[in-house]
Amino acid sequence: MTTRQVEAPPISALRHKDLLGISDLTADEILLILDTAEAMREIGDRPIKKVPALRGKTVVNLFFEASTRTRTSFEIAEKRLSADTLNIAATASSVVKGETLVDTALNLEAMAPDMIVLRHAASGACHLLSRICRAGIINAGDGMHEHPTQALLDAFTIREHKKSIAGLKVAIIGDLLHSRVLRSNVQLLTKLGADVWVSGPPTLMPAGIERQGVRKTTSVDEAVEGADVVMLLRLQIERMQGMFFPSLREYFTVFGMTRERLKLAKHDVIIMHPGPMNRGVEIDSEVADGPYSVILEQVSNGVSVRMAVLYLLAGGAEHETAV
Amino acid sequence: MKRLFKGGRVVDPANGRDGLFDVLIDGDRIVRVAKDIPPDGAHVVDVPAGFVVVPGLFDMHVHLREPGQEHKETVATGTASAVVGGFTAVACMPNTTPINDNAGVTEYILQKAAQAGLARVYPIGAVSKGSNGDQLADIAELRAAGCVGVSDDGRPVKTALLMRRALEYTAMFNMPVLEHCEDPSLKGEGVAHEGYHASTLGLRGIPGVAESIMAQRDIALAELTGGAVHICHMSAMESLRAVREGKGHGARVTCEVAPHHFTMTDEALASPVSYDTNVKMNPPLRAAADRDEMLKGIADGSVDCIATDHAPHHYDEKKVEFDVAPFGIVGLETCVPICFDRLVHPGLITLSRLIELLSVNPSRILNVASGALSDGAVADITILVPDLQVTVDPARFKSKSRNTPFGGWQLKGGVAATIVGGRTVYMNDAAAGAGRFK
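Rules used throughout
Residues numbered from 1 in each chain as written. Chains lettered and ligands numbered in written order. Predicted model: local features only at pLDDT ≥ 70, side-chain atom pairs only at ≥ 80, totals over all residues. Heavy atoms only, no water. Helix = DSSP H or I, 4+ residues; strand = E, 2+ residues; numbered from the N terminus. Rg over C-alpha atoms; globule rule 2.2 N^0.38 Å. Buried < 20%, exposed > 50% of the residue type's maximum accessible area, 1.4 Å probe, protein only. Phe/Tyr/Trp six-rings, centres within 6.5 Å; stacked < 30°, edge-to-face > 60°. Lys NZ or Arg CZ within 6 Å of the ring centre and 35° of its normal. Contact = heavy atoms within 4.5 Å. Buried area = accessible area lost by both parts, 1.4 Å probe. Salt bridge = Lys/Arg side-chain N within 4 Å of Asp/Glu carboxyl O. Polar contact = N/O pair within 3.5 Å; in protein donor to acceptor, adjacent residues only side chain to side chain. Nonpolar A, V, L, I, M, F, W, Y, C, P; charged D, E, K, R; others polar. Core = buried A, V, L, I, M, F, W, Y, C linked by side-chain atoms within 4.5 Å. Domains from an automatic or database assignment. 1 Å grid on protein atoms, 1.4 Å probe; cavity = no way out; pocket = protein on both sides within 12 Å on 5 of 7 lines; lining within 4 Å. Points joined across faces, edges and corners; volume = space filled by probe spheres on them. Pairing = 2+ DSSP bridges.

A. Summary view of the overall build of chain A. The secondary structure content of chain A amounts to 12 helices and 9 strands. Taken over C-alpha atoms, the radius of gyration comes to 19 Å for chain A, in line with the 20 Å a tight globule of 323 residues would show. Principal-axis analysis of the C-alpha atoms gives chain A an extent of 55 × 50 × 40 Å. Counting the 323 residues in chain A, one finds 59% classified as buried.

B. Layout of the packing of aromatic side chains. In the structure shown here, the tally under the stated rule is 7 aromatic pairs over all chains. Consider the rings of Y251 of chain A and F255 of chain A, whose centres lie 5.3 Å apart with planes at 35 degrees: the pair is tilted. Highlighted residues: Y251 of chain A and F255 of chain A, both in helix 8 (residues 248-255), separated by 4 residues, approximately one helical turn. Residue Y251 of chain A shares its accessibility class with F255 of chain A, and that shared class is buried. Aromatic pair F58 of chain B and Y122 of chain B: ring centres 5.4 Å apart, planes at 45 degrees, arrangement tilted. Of this pair, F58 of chain B sits in strand 6 (residues 57-62) while Y122 of chain B sits in strand 8 (residues 120-125), and the two are 64 residues apart along the sequence. For the residue pair F58 of chain B and Y122 of chain B, the accessibility class agrees, reading buried in each case. An aromatic cluster is present here, built from F245, Y251 and F255 of chain A joined pairwise through their rings. Residue placement shows K169 of chain A over the ring face of W197 of chain A; its charged tip is 4.4 Å from the ring centre.

C. The arrangement of the interface of chain A and chain B in detail. Residue-level contacts link 25 residues of chain A with 18 residues of chain B. Across the chain A/chain B interface, buried area totals approximately 1,700 Å², and carbon plus sulfur atoms make up 54% of it. Here chain A and chain B share 0 salt bridges between them. If you look at where chain A meets chain B, you find 7 residue pairs in polar contact (both at pLDDT 80 or more). Broken down by secondary-structure element, the contributors of at least two residues to the side of chain A that touches chain B are helix 3 (101-109), helix 4 (125-132) and helix 6 (180-191) of chain A. It is helix 4 of chain A that contributes the most residues to the side of chain A that touches chain B, 5 residues altogether. Looking at the side of chain A that touches chain B residue by residue, the classes come out as 10 nonpolar, 10 polar and 5 charged.

D. Focus on the nonpolar core. Residue and element names in this part refer to chain B. Core analysis: the biggest nonpolar cluster contains 89 residues, and F262 and L384 have the highest contact counts within it. Here this core takes 7 residues from helix 12 (residues 335-344), the largest share from any one element. If you count residues domain by domain, this core takes at least three from each of domain 1 (2-53 + 377-432) and domain 2 (56-365). Excluding residues within four positions of it along the chain, L384 makes contact with G50, F51, V52, V54, L57, V336, F340, L351, I355, G414, V415 and A416.

E. Layout of the environment of V253 of chain B. Residue and element names in this part refer to chain B. Within the secondary structure, V253 is located in strand 14 (residues 253-257). Between the C-alpha atom of V253 and that of A222, which follows or precedes it by 31 residues, the distance is 7.2 Å. When residues no more than four places from it in sequence are discounted, the contact partners of V253 are I219, V229, I231, V243, G246, K247 and D304.

F. Structural detail: the layout of surface pockets. Considering only enclosed or pocket space, the largest pocket measures out at about 690 Å³ in volume. In this structure, the largest pocket is lined by 27 residues; those nearest its centre are L177 and F244 of chain A together with L186, E194 and G205 of chain B. When contributions to the lining of the largest pocket are tallied by element, the ones reaching two or more residues are helix 5 (184-187) and helix 6 (196-201) of chain B. Tallying contributions element by element places helix 5 of chain B first for the lining of the largest pocket, with 3 residues. Taken together, the residues that form the lining of the largest pocket break down as 12 nonpolar, 10 polar and 5 charged. By volume, the second largest pocket is sized at about 580 Å³. What lines the second largest pocket is a set of 24 residues, and nearest its centre among them are V84, V390, R396, Y426 and N428 of chain B. Ranked by the residues each element gives to the lining of the second largest pocket, the list is headed by strand 16 (residues 381-391) of chain B, at 4 residues.

G. Summary view of the domain arrangement of chain B. Residue and element names in this part refer to chain B. Structurally, chain B comprises domain 1 (2-53 + 377-432) and domain 2 (56-365). Residue-level contacts link 39 residues of domain 1 with 48 residues of domain 2. Buried surface at the junction of domain 1 and domain 2, summed over both partners, amounts to about 3,300 Å²; 66% is from carbon and sulfur atoms. Looking at the side of domain 1 facing domain 2, the largest losses of area belong to K400, N403 and F406, adding up to 19% of the total buried there. One can count 1 salt bridge joining domain 1 with domain 2. Here D380 ties to R120 by a salt bridge, and the two come within 2.5 Å at their closest N and O atoms. Inspection of the region where domain 1 meets domain 2 yields 20 residue pairs in polar contact (both at pLDDT 80 or more). Looking at the side of domain 1 that touches domain 2, the elements with two or more residues in it are strand 1 (2-12), strand 16, strand 17 (410-420) and strand 18 (423-427). Per element, the largest residue contribution to the side of domain 1 that touches domain 2 is 9 residues, and it comes from strand 17. Here the side of domain 1 that touches domain 2 is built from residues that sort into 20 nonpolar, 10 polar and 9 charged.

H. Spotlight on the side chain of D218 of chain B. Residues and elements named next belong to chain B. Topologically, D218 is positioned in helix 7 (residues 209-225). Classification of D218 as buried rests on a relative accessible area of 0%. In contact with D218, not counting residues within four places along its chain, are M163, L167, E179, C181 and V229.

I. Local environment of the sheet that holds strand 7 (residues 87-92) of chain B. All names here are of chain B. In space, the 8 strands of this open sheet follow the order 6-7-8-9-10-13-14-15, with parallel pairing throughout. With partners counted over all chains shown, the strands left at the sheet margins are strand 6 and strand 15 (305-306), one partner each. Here strand 14 pairs with strand 15 via 2 bridges, running parallel. By the bridge assignment for strand 15, E256 is matched with C305.

J. Unusual backbone geometry, seen in detail. Of note, the bond from T97 of chain B into P98 of chain B is cis; its omega dihedral lies within 30 degrees of zero at 5 degrees. As for its position among the elements, P98 of chain B is in the loop between strand 7 and helix 2 (103-116). In the segment running from N282 of chain B into P283 of chain B, the intervening peptide bond is cis, with an omega of 0 degrees. Along the chain, P283 of chain B falls in the loop between helix 9 (259-263) and helix 10 (288-300). Phi at K163 of chain A takes a positive value of approximately 65 degrees, unusual for a residue other than glycine. Here K163 of chain A lies in the loop between helix 5 (148-162) and strand 5 (169-173).

Set out below in structure tokens:
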């Protein structure tokens, strides 16, 4: 199970107040989170799915963008750790009255939450909050920047199937430009030594992506060839404001993941998708529902990984002994 | 009252002077600049060694925000900021509320400037009514009221046809069109330079060519019409290439570069503070290659002016998500130290060339009678201290706003005093000996 290539002794705590992005984490810290998530998973198999690790801690899920999967996943994770949680959706809050993000955060802060899980449409929104809040900030997706817990759950899922991440060929295909999942995954996978290929229409290729240690190609076939992992990204039609490709039909023809195309990959390839899927656009249903798909495992693993993140940011074992 | 500034180094490129000269002023006029002028009853001001007397500096691109956005800046606070920065004159952009597209607004601004009695204010009028690109503003009326140029700054002149007409029309007054070069479709919803850093941070990009494409259009139209176009706050190397080429063809094109564009790069988006809204400006901080090209243009003469694009914003407006924050930073009070520290002291340009960039050329481009210490000229004078150590402290700015990325920067070079129409309107207590310029 160990993918550790670094000589440094394993660490036992996350010395961070916030999780703003994978870019702030070292390879050892990533592995600590993944290892902790292994331990957390077992809790979900118990008849009583609850431990007292975060008893007395208040966690606010502050979501400025619609989200079912991520918010639910965080909420379940928080509850399994016995945290007091509350959900604030932007439309139901003072935001509609014109309150700024900073004021919303300061008002929450005045009620002394321990952690704020933030999703926001603006890149860097979590950084802004981390500078003004004592509460730990967990990034649940900020604009086109990062979605660190998604990358962590992806890595957790890959590790389950492939043991080690180092040396794997991982192809990430789709709307790269607008994807925070891409940015977090590129950070994480390159830190753990994977051979990362990205592919998609040139119009959706982020500037300077190759400087992040990945290979880019507009040929999906080239990216998929010999791949251990194929990760499809959602075409974020709601963020598309330009002329990025002619039609969904043409997109599917050129970039869509079909069973035929998947034959180029390794025989034990796994197919991933952060959801929600556009069936018949970036991924054919045959592939999404097929034997290589681990898409629903990703969702299950999300809970364990988020439990690990919450637990470690709250102080982990150190916090518990202090109680 | 006569005052004789004695023994200082005088740098006055318009008159070919750089050496020890005395400057005699009487009331609001310069009487004479010569060696060893006898006092003859004048009050003698000894200029200490190391201080330099230059023609008043002129920032040809500022936003004074009045009328309409007085919470950001007023003509009074903006001109107070200007004189602290060593500027005896500023040209203020028309994107106020309402837009300066008629004589009433121009007169209002000039009246506020007169009341403040600090720096001279030269309003820039709008090219089009409401700056909305549909119909020319009453440019002759604006000119008669005191405007020295026209611009739809904040946005580009909307169509090639309107730009053509504006250049043709303003040519009869020998007045330039000041252009904010930006192709709106390429800029899109961009908030930062398109490149590695914006990409990594998930910020929408604005490529350099969004600027240069518009510059190329306007230079071509200047050639066609014989009108004068001035490229504002140039940031992209492709734009500079277009300007050089246009000048080579004899087009009437000039350009300015802002201090932040020749000092900082898009790396500032990520560090020391990521998503700092005080590094959000339009055009954005660009790549190192662009920054270096701006420096080259300043050194080789293809850049005509340094202008700050002083753009005050209230801190509430900047304390928001990066995407939501307004573009722009203040610049009047940091310009001179940055220019000394980054241009003159490293030997990139001479002090004389700096004065061309900050005084002679802006005056020439806007056809304003300043920028020279000539006999009989109005006594607009700045006294500089090239070796003054300056630490930028936004809390001490005279501007109403503090939106600067330069806070805490330690720079060498500053201002000792600013004299407008023979009157000392600013003295820097930190520059030893500045008190004598009373």
